[in-house]
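Coordinates in review
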Amino acid sequence: QNNAKVAVLGASGGIGQPLSLLLKNSPLVSKLSLYDIAHTPGVAADLSHIETRASVKGFLGPEQLPECLKGCDVVVIPAGVPRKPGMTRDDLFNTNASIVATLTSACAKHCPEAMICIISNPVNSTIPITSEVFKKHGVYNPKRIFGVTTLDIVRANTFVAELKGLDPAQVSVPVIGGHAGKTIIPLISQCTPKVDFPQDQLQKLTGRIQEAGTEVVQAKAGAGSATLSMAYAGARFVFSLVDAMNGKEGVVECAFVQSQETESPYFSTPLLLGKNGIEKNLGIGKITPFEEKMVAEAMSELKASIKKGEEFAKNFK
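Residues numbered from 1 in each chain as written. Predicted model: local features only at pLDDT ≥ 70, side-chain atom pairs only at ≥ 80, totals over all residues. Heavy atoms only, no water.

Note on placement: Arg-155 falls in helix 6 (residues 150-164). If near-sequence neighbours (up to four positions away) are discounted, Arg-155 is found in contact with Arg-89, Ala-212, Gly-213, Val-216, Ala-226 and Ser-229. (Helix = DSSP H or I, 4+ residues; strand = E, 2+ residues; numbered from the N terminus. Contact = heavy atoms within 4.5 Å.)

Below you can see the structure in the form of structure tokens.
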């Protein structure tokens, strides 16, 4: 069954290149379609020499986009501009909103059945944009549109493991909410294995998970944002999704999706993935008063970001 055709839109960028490398390296992928507005033929030529079976093809510029998307099972979109020091994810809105609307419009036309995985920030707004674009084209299926928040989970797992002296590969922390600042809500109380922190340490840890992206932006000092860890997280999500599409049982990942779990129309929670995308939303589960407070405090920002995305999509030509 391992015959997934995967497209990466924004394949020449800081996330796109390492993400394409990880996808090329996977036995789950049989065809890799790489799209960007510059350098894709070079990236594709380079990757095509790797001794794995995925065939790689590069596509350049809007006129080649339809061909890139034809027959794709999964489309991953890391296209857009990265954050610079002092910028919030929301500061990227104007540039990235147009890019995502344009690319998802092409997806709606040329591969309406594909699973769409959005990495481009601000995810809290780019997912509502994607949904509205698909609605406009009459091909909206909320079970197939995902905001990739996996990096928040990866970071939570890593930071908890560091503090507790555990193997990070064995740690699993669900992270719910959205994908910016205080909308990122790590459920440390649901961590497996079970871990306990005194309240002051818990607060510090939670803050670090929420601001981990900024940690990287500052460390790179103007040279970009999280690209390598994001590529790893994006690939992890795609592999889980393809496994589930291939019939593997019990695959669970968190993602920012259309949701009835809270008063926010989109919300990230653990999702059971299956052949058709979201099989079942597993919801928030039992959480502590500290976590409940974070959910309540995230609501107004989440709703505002979602509304901003929806408004943009309505006016996008």
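Here we take up the UniProt feature "domain: Lactate/malate dehydrogenase N-terminal" (unreviewed entry) in the chain. In the numbering adopted here, UniProt assigns the feature "domain: Lactate/malate dehydrogenase N-terminal" (unreviewed entry) to residues 5-147. Overall, residues 5-147 shows 38% helix and 21% strand. The separation of its end C-alpha atoms is 20 Å. (UniProt positions renumbered as here; feature names shortened; annotations may be inferred.)

Take the packing of aromatic side chains next. According to the stated counting rule, one finds four aromatic pairs in the structure shown. Consider the rings of Phe-93 and Phe-312, whose centres lie 5.6 Å apart with planes at 90°: the pair is edge-to-face. Residue Phe-93 is located in helix 4 (residues 93-110), and its partner Phe-312 is located in helix 10 (residues 289-315); the two are separated by 219 residues in the primary sequence. Assigned by exposure class, Phe-93 and Phe-312 land together as buried. The ring centre of Phe-93 lies 4.6 Å from the NZ or CZ of Lys-308, which sits over that ring. (Phe/Tyr/Trp six-rings, centres within 6.5 Å; stacked < 30°, edge-to-face > 60°. Buried < 20%, exposed > 50% of the residue type's maximum accessible area, 1.4 Å probe, protein only. Lys NZ or Arg CZ within 6 Å of the ring centre and 35° of its normal.)

It is worth spelling out the packing of helix 6 against helix 9 (residues 228-245) at this point. Direction vectors running N to C along helix 6 and helix 9 enclose 110°, while the axes themselves pass 8 Å from each other. One way to sum up the angle between helix 6 and helix 9 is to call them roughly perpendicular. Contact with helix 6, carried on its side by Thr-150, Leu-151, Ile-153, Val-154, Arg-155 and Asn-157, involves Ser-229, Met-230, Tyr-232, Ala-233, Arg-236 and Phe-237 of helix 9 and no other residues of that element. Residue composition of the contact of helix 6 with helix 9, by class: seven nonpolar, three polar and two charged. (Axes fitted to C-alpha atoms, helices over the stretch in contact; angles between N-to-C directions. Parallel < 35°, antiparallel > 145°, perpendicular 65-115°, else oblique. Nonpolar A, V, L, I, M, F, W, Y, C, P; charged D, E, K, R; others polar.)

According to the domain assignment, the chain contains domain 1 (4-148) and domain 2 (149-305). A straight line from the C-alpha centre of domain 1 to that of domain 2 covers 21 Å. In this assembly, 35 residues from domain 1 lie in contact with 45 residues from domain 2. Of the roughly 3300 Å² buried between domain 1 and domain 2 on both sides combined, carbon and sulfur atoms contribute 69%. Applying the counting rule to domain 1 against domain 2 returns zero salt bridges. (Domains from an automatic or database assignment. Buried area = accessible area lost by both parts, 1.4 Å probe. Salt bridge = Lys/Arg side-chain N within 4 Å of Asp/Glu carboxyl O.)

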